Amino acid sequence: MSPQQPATLLPFGILMALWIAAGAVDWWCHRRTRIEATPKGLAESAFHWVLFLQMGAAVLAALLFEPTAGLVAFLLAMWLLHEAATWLELRMVAPARTITPLEQMVHSFMEILPLTGILLLCQPELEAWFSTPDDAERTLDWRWIPREALPPAPVLAGYALAIAVCNALLLAEESWRCWRRAPRGVQPAT
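Throughout, a residue's number is its position along its own chain's written sequence, starting from 1. It should be noted that, the model being predicted, local features are given only for residues of pLDDT at least 70 and side-chain atom pairs only at 80 or more, the latter also being counted only at that level, while totals for whole chains, interfaces and linings use all residues. Side-chain metrics rest on all non-hydrogen atoms present in the structure, leaving aside hydrogens and water.

By convention a nonpolar core is built from buried Ala, Val, Leu, Ile, Met, Phe, Trp, Tyr and Cys residues, the set being connected through side-chain atoms within 4.5 Å. A 1.4 Å probe rolled over the protein chains alone gives each residue an accessible area, and that area as a share of the maximum for its type sets the label: buried under 20%, exposed over 50%, partly exposed in between. One finds M16, W19, L75 and L121 to be the most contacted residues of the largest nonpolar core, which totals 21 residues. Among the elements of the structure, helix 1 (6-32), helix 2 (41-64), helix 3 (69-93) and helix 4 (101-131) are those that each provide at least two residues to this core. With six residues, helix 2 is the largest single contributor of residues to this core. Each helix is a run of H or I in the DSSP string that is no shorter than four residues. Each strand is a run of E no shorter than two, and both are numbered from the N terminus.

Printed below as a string of structure tokens:
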């Protein structure tokens, strides 16, 4: 099964909705703790764009290619890069502003939901792998194979609109706030 088949549209839809919502709640947490007023606000906002683009590349790849071992390896690599970037960001941010318990919980969701999506995506392959008789040769397909059919256009349009409005637009607003408040160098004494 793949994300375009009816039996998996609902779980993937729920997962995407939760992930998009978690991104919006994370933005709200940043706004509430006024990241723009911290010395690292603009750098933190730049990290948020990096994290967004890392996962955007993974989602796009998952939509365009069949779930082969090659795709799953790429998705896992992107998830690990996302985790590393999150760790670096939090190391930088934690001394500069309060990271509330709610924000910490939202981060947990934003970290586990992509991994859940990867497991859902490769579940049919794992079932086939483990149901192969012991005497049969088990091989992994490392090729990147374009999908024969994408999810329905309304589903793709809904994801794109939700991500644009609930994530990209909110990130842009956050970056604008941080950029406006960022120090502009030393002012001459008058």
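Glancing now at helix 5 (residues 153-181). Helix span, expected: 1.5 Å multiplied by one less than the number of residues in the helix. An ideal rise of 1.5 Å per residue puts 42 Å on 29 residues; helix 5 measures up with 40 Å between its terminal C-alpha atoms. Here the bend at a residue is taken as the angle between two axes, fitted respectively to the seven residues that end there and the seven that start there. Roughly 35° is the biggest bend found in helix 5, and it falls at A164. Looking at helix 5, one finds that the buried residues are Y159, N167, L170, L171, E174, S175, R177 and C178.

Our next topic: the side chain of Q54. Position of Q54 among the secondary structure elements: in helix 2. In what follows, a contact means two residues having at least one pair of non-hydrogen atoms within 4.5 Å. Leaving out residues up to four positions away in the same chain, Q54 has contacts with M78, L81, H82 and A85.

With that out of the way, let us pick up empty space enclosed by the protein. The distinction between a cavity and a pocket rests on a 1 Å grid over the protein atoms alone: a 1.4 Å probe fits inside a cavity but cannot get out, while a pocket stays open yet meets protein on both sides within 12 Å along at least five of seven lines, and a residue with an atom within 4 Å of a point counts as lining. Grid points are joined across faces, edges and corners, and a volume is the space filled by probe spheres set on the points. One pass over the full model with this rule turns up one cavity of 30 Å³ or more. Size it by volume and the largest cavity reaches roughly 280 Å³. Around the largest cavity sit 20 residues that line it, and F12, M16, W19, V59 and A62 are the ones nearest its centre. Breaking the lining of the largest cavity down by element, the ones donating at least two residues are helix 1, helix 2, helix 3 and helix 4.

Whenever a carboxyl oxygen of Asp or Glu lies within 4 Å of a side-chain nitrogen of Lys or Arg, that contact is scored as a salt bridge. Taken as a whole and assessed by the stated rule, the structure comprises eight salt bridges. The closest approach of N and O atoms between R31 and E173, which form a salt bridge, is 2.6 Å. Of this pair, R31 sits in helix 1 while E173 sits in helix 5, and the two are 142 residues apart along the sequence. Classification of R31 by relative accessible area gives partly exposed; the value is 38%. By relative accessible area, E173 is classed as partly exposed at 25%. We note a salt bridge from R34 to E36, for which the minimum N-O separation is 3.6 Å. The partly exposed category is assigned to R34, whose relative accessible area is 41%. Three or more residues joined by partner-sharing salt bridges are found here, namely R31, R34, E36, E173 and R177.

One number sums up the size of the largest pocket: a volume of about 660 Å³. Looking at the largest pocket, it is lined by 31 residues, and the ones nearest its centre are W19, L51, F52, M55 and N167. Those elements that provide at least two residues to the lining of the largest pocket are helix 1, helix 2, helix 3, helix 4 and helix 5. Broken down by element, the lining of the largest pocket gets its largest block of residues, ten residues, from helix 5.

Remark: helix 2 packs on helix 5, axes separated minimally by 9 Å, with the N-to-C direction vectors making an angle of 165°. With respect to helix 5, the element helix 2 is oriented roughly antiparallel. The two elements helix 2 and helix 5 meet at a crossing, and its hand is left-handed. Contact residues: helix 2 offers G41, L42, S45, H48, W49, F52 and L63, while helix 5 offers L156, I163, N167, A168, L171, A172, E174, S175, C178 and W179. The classification used treats Ala, Val, Leu, Ile, Met, Phe, Trp, Tyr, Cys and Pro as nonpolar, Asp, Glu, Lys and Arg as charged, and all other residues, Gly among them, as polar. Classifying every residue of the contact of helix 2 with helix 5 gives eleven nonpolar, five polar and one charged. To get an axis, a line is fitted to the C-alpha atoms, and for a helix only the part in contact is used. The angle between two axes follows their N-to-C directions and goes from 0 to 180 degrees. Should an angle lie under 35 degrees it is considered roughly parallel, over 145 roughly antiparallel, and from 65 to 115 roughly perpendicular; all remaining angles are considered oblique. With the far helix as reference, a near helix turned anticlockwise by less than a right angle produces a left-handed crossing, and one turned clockwise produces a right-handed crossing.

Every patch collects residues that have over 30% relative accessible area and no salt bridge, joining them within 9 Å if they carry like charges and within 5 Å if they are nonpolar side chains (Val, Leu, Ile, Met, Phe, Trp, Tyr). To measure how exposed things are, a 1.4 Å probe is used in the Shrake-Rupley method; for residues, cover is taken only from the protein chains shown. Taken together, the side chains of L10, I14 and L18 define a hydrophobic patch exposed on the protein surface, amounting to about 300 Å² of accessible area. Given the relative accessible area of 60%, L10 is considered exposed.

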